Amino acid sequence: MRRLILSLTILLLGWGLATAQEKLAPPAGGTAEAESGEAAETEAGEPTETAAIEPAMELPERKPPKPPEPKSKKLPGARELFASVPGPAKLAARAIGFYSKGCLSGGIALPLNGPDWQVMRVSRNRYWGSPQLVDYMERLASDARALDGWPGLLVGDMSQPRGGPMLTGHTSHQVGLDADIWLTPMPDRILTLQEREDVEAVSMLKDPLHVDPEKFTDVHIKLIRRAASYRQVARIFVHPAIKRSLCERAEVAGKDTRWLGKVRPWWNHHYHFHVRLGCPRGMAGCKDQPPVKGDSGCGKELDDWNSMLKKSSIWRTQQNIDPNAKPGIKKKPYPLRDLPKDCRTVLTAGDYELLSVDDELPPVALKAAASKEAGPGVPLFTKTQLHNVLKGGQVNVPMPNRNPVR
């Protein structure tokens with residue numbers, strides 16, 4: 001009997017334990033945290049309820065983005081291309097091609113301020129040149145001040161960072177071997193950037209055919225003689241009236257006047273002179289001009305220039321042309337293919353992407369195109385002067401070439 005009672009007791013205890021375990025078991029499909037007995041908590045340590053899983057929302061079908069319009073494969077002219085590049089081609093220094101048909105690799109900038117020079121019209125970004133030209137400019141500035149009493153150079157256009165043709169102005173200056181130097185002496189202070197844009201160079205002319213001796217002084221003659229005296233200088237261009245004055249007064253700069261042969265008369269150079277270096281020795285691809293003749297150039301050539309100058313001045317006065325108006329001459333297209341082949345490499349050096357005809361000109365080119373001319377135009381005759389030149393009669397004068405290649 002005792003055994004029976006004990007068995008029933010054990011059986012009842014086992015049934016009760018099984019029932020209790022079944023109540024404590026988790027429901028089917030419980031989370032991993034519930035299975036491990038750990039409740040999910042927020043960052044603050046408070047338990048949270050598990051969010052109900054919602055079915056994924058069906059997104060509307062998106063249209064693929066429209067591909068960009070392809071750039072035109074056509075290139076702008078060489079003027080636009082070279083004027084648009086803000087910096088030099090970091091290649092070996094080379095003047096490539098001819099002064100009026102070429103480009104520049106490895107160009108360096110003349111510092112805007114030096115002990116004996118200041119760069120003018122900075123917005124044009126035309127203060128670049130070959131290393132040989134920059135060395136020459138620095139040496140000339142130092143020598144002219146120390147040896148000739150010139151206060152310092154005001155430097156006009158040299159070349160663009162990679163040379164090449166320019167949007168406005170020069171036909172030459174393309175290979176980093178040309179530089180314009182104002183005949184206005186440098187002031188005894190550093191000019192502001194705005195002053196460098198606005199200050200106008202002083203013309204040396206009294207009238208279209210003659211210099212003003214009060215402006216074109218002995219110190220100017222010494223400066224030009226100094227500029228021409230270095231072996232690497234091939235030519236210096238000045239207005240024909242300045243050339244005549246140099247021929248007449250050359251001895252104020254010394255008895256040796258052989259330097260006069262390098263100084264050549266050319267249009268418009270009445271407020272600055274233009275220095276041109278010869279091709280550096282051994283520089284492949286650089287094309288020199290024929291060397292100047294051995295004479296001074298003060299004879300028949302200058303007389304011929306004086307005749308051309310007179311005809312030009314008569315025509316301009318009769319046409320009543322504003323000497324300070326910007327020329328309205330439309331330049332012929334200048335395709336890149338007209339330059340030496342290496343100039344394309346110069347343009348694209350440093351992964352520079354060429355402009356397309358669809359592109360707008362960048363700010364550096366727009367500033368250069370909008371900048372002011374450095375000096376005044378060539379003056380016109382007065383009515384009295386024109387009457388004296390024509391001796392009271394009118395003559396038919398053919399229109400001169402106003403923009404000769406230089």
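Keep in mind that this is a model prediction, so the values were computed, not measured.

Turning to the overall build of the protein, a few remarks are in order. When helices and strands are counted, the protein shows 11 helices and 13 strands. When each of the 406 residues of the protein is scored for burial, the buried share is 42%. With an accessible surface of roughly 24000 Å², the protein has 56% of that area assigned to carbon and sulfur atoms.

The next point concerns the packing of helix 8 (residues 300-318) against helix 11 (residues 383-390). Closest axis-to-axis distance for the helix 8/helix 11 pair is 11 Å, and the angle between their directions is 135°. Relative to helix 11, the element helix 8 is oriented oblique. Crossing hand, helix 8 versus helix 11: left-handed. Between helix 8 and helix 11, the contacting residues are Lys 310, Ile 314, Thr 317 and Gln 318 on the first element and Leu 386, Val 389 and Leu 390 on the second. The residue makeup of the contact of helix 8 with helix 11, split by class, is 4 nonpolar, 2 polar and 1 charged.

This part is about the confidence of the model for the protein. Mean pLDDT for the protein: 85, with 78% of residues reaching 70 or above. Segment residues 402-406: pLDDT under 50, and 21 contacts once partners within four positions in sequence are set aside and those in other chains are kept.

Under the counting rule described, the total for this entry stands at 3 disulfides. Paired by a disulfide, Cys 247 and Cys 298 hold their sulfur atoms 2.0 Å apart. Judged by the torsion about the S-S bond (-85°), the Cys 247/Cys 298 disulfide is left-handed. Of this pair, Cys 247 sits in helix 7 (residues 240-249) while Cys 298 sits in the loop between strand 13 (272-277) and helix 8, and the two are 51 residues apart along the sequence. Under the relative-accessibility criterion, Cys 247 is labelled partly exposed at 22%. Judged by relative accessible area, Cys 298 falls into the partly exposed class, the value being 28%. Between the sulfur atoms of Cys 279 and its disulfide mate Cys 286 the distance is 2.1 Å. Residues Cys 279 and Cys 286 are joined through a disulfide that is left-handed, its torsion about the S-S bond being -80°.

What counts, and at which threshold
- Residues numbered from 1 in each chain as written.
- Predicted model: local features only at pLDDT ≥ 70, side-chain atom pairs only at ≥ 80, totals over all residues.
- Heavy atoms only, no water.
- Helix = DSSP H or I, 4+ residues; strand = E, 2+ residues; numbered from the N terminus.
- Buried < 20%, exposed > 50% of the residue type's maximum accessible area, 1.4 Å probe, protein only.
- Areas by Shrake-Rupley, 256 points an atom, 1.4 Å probe, with all protein chains shown as cover.
- Axes fitted to C-alpha atoms, helices over the stretch in contact; angles between N-to-C directions.
- Parallel < 35°, antiparallel > 145°, perpendicular 65-115°, else oblique.
- Left-handed = near helix turned anticlockwise from the far one by under 90°.
- Contact = heavy atoms within 4.5 Å.
- Nonpolar A, V, L, I, M, F, W, Y, C, P; charged D, E, K, R; others polar.
- pLDDT = per-residue confidence, 0-100.
- Disulfide = S-S within 2.5 Å.

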